[in-house]
Amino acid sequence: MIQMTKPCKLYRLKNKRLLVNVILAKANISFAELSHIVKNPNSYYKESLKVTKKKDKAGNFKTRKTEVPCPKLKLIHKILKNELNNIKMPDYVMATKGRGHVLNAQQHIGSKFLLNMDIANFYPSSRSDYVFRFFCDQLEMPADIAKFVTGLVVYNQHIPTGSPISTVLTYLMHKDLFDEIFNLSYKNNIKFSLYIDDMSFSSNLPIPLWFRANVNKIIKKHNLKIKKSKTKAFGSNRVKSVTGVEIALDNTLKAPYKLTAKLFGEEFIKIKKNGVQVLSDKELMVLMGYLCSVRSIEHDAYPTLYNTLISEQRRRQKKVS
């Protein structure tokens, strides 16, 4: 049974005209345009390969396929996402408003043992029939309406990788799966948190292999797979890592070394040699981005550098105005 934090206009939506009213309240789009999207969904997406910063075994940078909806469809997805955000999320879900990857790591502070598991190809493996069933069974839409809405949010019969609706919708359509994993964890005194497709488990006792096998079994039952290369276990005497945040041995949160190294890269060296004024606007923005990422984990870190960059930003803004 779905619980709401406030009314969701998609719940028990009975006809297409009401759906149009939900969307037309914030988007200038006709029913005919909606119908055309549903009949020709792939023509409303731009598919591209994004080069990541990770390398394969051969030393080449890995690529990741993205499927980004066109501006009009993206706006529709944002409106539908906002309605889905009115559905109450369990405490273990971290990729939602008001939470995030840092809070995700905080859930596991104080635990001696940690296990991370990752679902392989989560969005491409989240098929349209699961989306349809979610709209029918959980939002209690009639089958024809559920089919129509499904057509608005899927690409090539799966959840698109570059849409604003993907994170919340993918969790909701797999809620039974994650609830089952949560219940398994709870019964065995193991903490469980979920950040999109990253599952983290922690305990003050070693997490047994049979527990890992049972999680894998549940995942397979729902036609998904664990990415074996991302499965990592941490013992009591090791620094732990959860969604890009390190948990130090003294149970404080630390920014990962790779992020800190970026902060003290080329842009920082320029400042040390010639002062902050030599940075281009882009370099200043990049450096501030790295610093803000570090400070989102380690609050108030590097205050002198932070004040220097803030002062320079304000100086340039005044100069422009």
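Residues numbered from 1 in each chain as written. Predicted model: local features only at pLDDT ≥ 70, side-chain atom pairs only at ≥ 80, totals over all residues. Heavy atoms only, no water.

Caption draft 1: Seen up close, the packing of helix 9 (residues 175-187) against helix 10 (residues 209-221). At a minimum axis distance of 10 Å, the contact between helix 9 and helix 10 shows a crossing angle of 165 degrees. In terms of their interaxial angle, helix 9 and helix 10 are classed as roughly antiparallel. Read as a crossing pair, helix 9 and helix 10 show a hand that is right-handed. Contacts from Leu177, Glu180, Ile181, Leu184 and Ser185 of helix 9 reach helix 10 at Phe211, Asn214, Val215, Ile218, Ile219 and Lys221. Looking at the contact of helix 9 with helix 10 residue by residue, the class counts come to 7 nonpolar, 2 polar and 2 charged. (Axes fitted to C-alpha atoms, helices over the stretch in contact; angles between N-to-C directions. Helix = DSSP H or I, 4+ residues; strand = E, 2+ residues; numbered from the N terminus. Parallel < 35°, antiparallel > 145°, perpendicular 65-115°, else oblique. Left-handed = near helix turned anticlockwise from the far one by under 90°. Contact = heavy atoms within 4.5 Å. Nonpolar A, V, L, I, M, F, W, Y, C, P; charged D, E, K, R; others polar.)

Caption draft 2: Looking closely at the sheet that holds strand 8 (residues 245-247). Within the open sheet, the 3 strands sit side by side as 7-8-9. Their pairing is antiparallel. Of all the strands in the sheet, just strand 7 (240-242) and strand 9 (253-254) have a single pairing partner and so form its edges. Where strand 8 meets strand 9, 2 bridges bridge the pair, whose relative direction is antiparallel. Considered in strand 9, the bridge of isoleucine 247 is made with leucine 253. (Pairing = 2+ DSSP bridges.)

Caption draft 3: Molecular detail of the nonpolar core. Grouped together as the largest cluster of nonpolar side chains are 65 residues, with contacts concentrated most on Leu84, Phe134, Phe135, Phe178, Ile181, Met199 and Phe201. Of the residues forming this core, the biggest block, 6 residues, is contributed by helix 7 (residues 143-153). For phenylalanine 134, the contacting residues outside a window of four places in its chain are Ile2, Leu84, Ile87, Leu139, Leu169, Leu172 and Met173. The next biggest cluster of nonpolar side chains, apart from the first, holds 25 residues, and it includes Leu114, Leu259, Val276 and Leu284. (Core = buried A, V, L, I, M, F, W, Y, C linked by side-chain atoms within 4.5 Å. Buried < 20%, exposed > 50% of the residue type's maximum accessible area, 1.4 Å probe, protein only.)

Caption draft 4: Spatial organisation of the pattern of salt bridges. By the definition in use, this model includes 9 salt bridges. A salt bridge links glutamate 283 to lysine 270, with the shortest nitrogen-to-oxygen separation between them at 2.7 Å. With a gap of 13 residues between them, glutamate 283 in helix 13 (residues 281-297) and lysine 270 in helix 12 (residues 266-274) connect regions that are remote in the sequence. Residue lysine 270 is classed as partly exposed on the basis of its relative accessible area, which comes to 32%. (Salt bridge = Lys/Arg side-chain N within 4 Å of Asp/Glu carboxyl O.)

Caption draft 5: The environment of alanine 301, seen in detail. Residue position: alanine 301 is located in the loop between helix 13 and helix 14 (303-320). Considering only alpha carbons, one finds alanine 301 and histidine 101, 200 residues apart in sequence, at a separation of 18 Å.

Caption draft 6: Region of interest: the pairing of strand 5 (residues 198-203). Of all 6 residues in strand 5, 5 are buried, a share of seventy percent or more. Both strand 3 (residues 113-118) and strand 5 contribute to a ladder of 6 bridges, which runs antiparallel. Looking at the pairing, phenylalanine 113 lines up with serine 203 of strand 5. Between strand 4 (residues 191-195) and the antiparallel strand that follows it, strand 5, lie 2 residues; isoleucine 196 among them carries a positive phi value of about 60 degrees.

Caption draft 7: Quick peek at helix 3 (residues 71-84). For helix 3, with 14 residues, the first-to-last C-alpha span of 20 Å sits near the 20 Å given by 1.5 Å per residue. Looking at helix 3, one finds that the buried residues are Leu73, Ile76, His77, Ile79, Leu80, Glu83 and Leu84. End-on view of helix 3: buried residues confined to an arc of 160 degrees, all on one side of the axis. (Expected span 1.5 Å × (residues − 1). Arc of directions from axis to C-beta.)

Caption draft 8: Geometry of the packing of aromatic side chains. Counted according to the given criterion, the structure contains 15 aromatic pairs. Considering the side-chain rings of phenylalanine 122 and tyrosine 123, the 6.1 Å spacing of their centres and the 25 degrees angle between planes classify their relative orientation as stacked. Both residues of the pair, phenylalanine 122 and tyrosine 123, belong to the buried class. Seen from their ring centres, phenylalanine 134 and phenylalanine 135 are 5.3 Å apart, and the 50 degrees between their planes marks the pair as tilted. Overall, phenylalanine 134 belongs to the buried group, its relative accessible area being 3%. Given a relative accessible area of 2%, phenylalanine 135 falls into the buried group. A connected cluster of aromatic rings, assembled from ring pairs, spans Tyr92, Phe122, Tyr123, Tyr171, Phe178, Phe182, Tyr186, Phe192, Phe201, Trp210 and Phe211. Arginine 17 extends its terminal NZ or CZ atom over the ring of phenylalanine 31, reaching a point 4.4 Å from the ring centre. (Phe/Tyr/Trp six-rings, centres within 6.5 Å; stacked < 30°, edge-to-face > 60°. Lys NZ or Arg CZ within 6 Å of the ring centre and 35° of its normal.)

Caption draft 9: Spotlight on the side chain of histidine 222. In this fold, histidine 222 is placed in the loop between helix 10 and strand 6 (232-234). Residues within four places of histidine 222 in sequence aside, it is in contact with Tyr130, Asp176, Leu177 and Glu180.

Caption draft 10: Up close: the packing of helix 8 (residues 166-173) against helix 9. The interhelical angle for the contact between helix 8 and helix 9, taken along N-to-C directions, is 65 degrees, at an axis separation of 4 Å. When the axis of helix 8 is compared with that of helix 9, the two are roughly perpendicular. Touching Tyr171, Leu172 and Met173 of helix 8 are Lys175, Phe178 and Asp179, all from helix 9.

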